[in-house]
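Listed here are the chains, written in short residue letters.
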Amino acid sequence: MKRVFLGIILAGAASSAFAQKGEVNEAKKAWGIFQLTTQGATPLDKKLESVKTGLAHTDKAIADEKSKVMPEAWTYRALFASSAAILDTVNVANADANLKIAQDALVEAKKLDTKGAEKENITLAETNISNAVRNAGVMAYNKKDYKTAYTKFVQATVINPTDTAMYLNAGIAARNVEDYPGMIQQFKKVISLNSPQSKDLYNELVDVTLRKQKDTTAALALISEAVAKYPENVDLIKTETQIYIDRGDVAKSEQMLNALATKEPTNPSYQVLLGNIYFSQALKLQADRNKIDQKKVKEFNEITTRMNGLLDKSLPFYKKALEIDPKNAGALETLKTIYAFRNDTKNYNDVKAKLDALPKQ
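Thresholds applied
Residues numbered from 1 in each chain as written. Predicted model: local features only at pLDDT ≥ 70, side-chain atom pairs only at ≥ 80, totals over all residues. Heavy atoms only, no water. Axes fitted to C-alpha atoms, helices over the stretch in contact; angles between N-to-C directions. Helix = DSSP H or I, 4+ residues; strand = E, 2+ residues; numbered from the N terminus. Parallel < 35°, antiparallel > 145°, perpendicular 65-115°, else oblique. Left-handed = near helix turned anticlockwise from the far one by under 90°. Salt bridge = Lys/Arg side-chain N within 4 Å of Asp/Glu carboxyl O. Buried < 20%, exposed > 50% of the residue type's maximum accessible area, 1.4 Å probe, protein only. Phe/Tyr/Trp six-rings, centres within 6.5 Å; stacked < 30°, edge-to-face > 60°. Expected span 1.5 Å × (residues − 1). Bend = angle between axes of the 7 residues up to and from the residue. Polar contact = N/O pair within 3.5 Å; in protein donor to acceptor, adjacent residues only side chain to side chain.

## With respect to the packing of helix 13 (residues 268–289) against helix 14 (residues 297–324)
Okay, so step 1: Close contact between helix 13 and helix 14 brings their axes to 8 Å; oriented N to C, the two are set at 165 degrees. Judged on the interaxial angle alone, helix 14 and helix 13 are roughly antiparallel. Helix 14 is crossed by helix 13, and the crossing has left-handed handedness.

So this is what it looks like as structure tokens:
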């Protein structure tokens with residue numbers, strides 16, 4: 001009786017294990033069928049139904065004590081769930097739920113696959129998960145749901161920490177909802193990964209830091225970092241000098257630009273920027289002068305004299321820039337403005353003719 005009883009137990013155990021292994025085999029078959037459906041013009045609902053069927057087989061496989069230790073049970077579960085997350089472009093909640101299933105399944109699969117037999121399927125599931133998150137971000141962005149897009153793009157960077165495109169997308173999505181700290185964080189990450197877009201991103205970071213956050217100290221730190229990498233970025237150097245001018249530290253602007261001009265004497269941009277130090281101050285005085293009551297002649301004339309003094313200081317730098325580059329549009333435009341202000345018709349016409357002769361942008 002003991003032999004018979006024991007034989008029954010063993011037979012039952014073998015039958016159970018075979019049945020549950022059968023669920024894994026059915027999942028494998030379902031995966032093969034699903035792959036065939038993706039190659040043709042199969043309707044989306046049919047593809048989702050195929051995925052649902054395969055996922056159901058893995059539900060049964062992982063519910064059993066014997067088959068839940070099989071890495072295949074988990075890798076195919078990850079494959080089906082991640083595929084469902086990619087396919088379901090309508091129901092965000094369902095897609096997110098399937099992503100969670102796929103990610104949890106991958107954790108188990110990696111833990112159990114000690115021999116690396118499921119390496120290929122694990123890699124494919126990881127790719128599916130990454131693509132599902134990226135796609136969800138793009139779809140949310142196209143619907144102008146920028147908050148969801150930002151969340152998804154950040155999630156994609158967690159999955160792939162070197163994906164510069166997703167950091168960039170996250171920064172753009174943050175910018176669209178005026179989350180400037182988030183935008184700055186993401187753009188800085190793009191820069192840290194040496195993206196070809198770093199130069200333009202520095203310009204935008206400085207602009208946002210100044211216009212939106214009103215933080216000149218942080219902006220100067222960014223400019224210093226950017227100019228060290230891109231010394232030819234004249235726009236940022238111009239911004240830096242303007243910050244010092246606005247702070248009333250004209251001497252700092254002069255010192256910085258003179259050092260650059262000495263280092264690169266054939267660079268006309270530094271001469272233009274030196275001229276701008278005085279020209280910008282003259283413009284401020286002009287704005288003040290426009291507010292003066294016309295009856296206050298003495299005060300009006302005093303400001304005019306100070307303006308002319310500043311313009312006199314600016315002129316040699318613009319002329320020096322034209323000696324280096326006779327077609328420097330920045331120097332010519334400013335000189336035209338100065339000569340117009342002073343009613344210097346001869347010089348005005350001369351400069352205007354040179355400007356008109358420049359190739360049209």
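## So, the pattern of salt bridges
Okay, so step 1: Overall, the coordinates contain 16 salt bridges when judged by the stated rule.
Okay, so step 2: K28 is the partner of E72 in a salt bridge, and the nearest nitrogen-oxygen pair spans 3.9 Å. Within this pair, whereas E72 is found in helix 3 (residues 71–87), its partner K28 is found in helix 1 (residues 2–37), the two being separated by 44 residues in sequence.
Okay, so step 3: Taking the shortest distance from any N to any O, the salt bridge between D96 and K152 comes out at 2.5 Å. Placement of D96 in helix 4 (residues 92–112) and of K152 in helix 6 (residues 146–159) is noted, with a sequence separation of 56 residues between them.
Okay, so step 4: For K152, a relative accessible area of 6% corresponds to the buried category.

## Let's talk about the packing of aromatic side chains
Okay, so step 1: Summed over the entire model, instances satisfying the criterion amount to four aromatic pairs.
Okay, so step 2: Seen in terms of ring centroids, W31 and F80 are 5.4 Å apart; in terms of plane orientation they differ by 85 degrees. Their pairing is edge-to-face. In this pair, W31 sits in helix 1 while F80 sits in helix 3, placing the two residues 49 residues apart along the sequence.
Okay, so step 3: Note on W31: relative accessible area 7%, which makes it buried.

## Some details on unusual backbone geometry
Okay, so step 1: The residue K144 is not glycine, and still its phi comes out positive at about 65 degrees.
Okay, so step 2: Its place among the elements puts K144 in the loop between helix 5 (119–142) and helix 6.
Okay, so step 3: By relative accessible area, K144 is classed as exposed at 63%.
Okay, so step 4: The backbone phi angle of E178 is positive, close to 60 degrees, even though this residue is not glycine.
Okay, so step 5: Position of E178 relative to the elements: it lies in the loop between helix 7 (164–176) and helix 8 (180–192).

## A closer look at helix 13
For an α-helix, the turn length of 3.6 residues means that residues three or four places apart are oriented alike.
Okay, so step 1: Compared with an ideal rise of 1.5 Å per residue, which puts 22 residues at 32 Å, helix 13 spans 31 Å between its outermost C-alpha atoms and is within 8% of the ideal.
Okay, so step 2: For helix 13, the principal kink sits at N276 and spans about 30 degrees.
Okay, so step 3: By the N-cap criterion, in which a side-chain oxygen at the helix start approaches the backbone nitrogen of a residue two or three places on, helix 13 is capped by N267, the distance to S269 being 2.9 Å.

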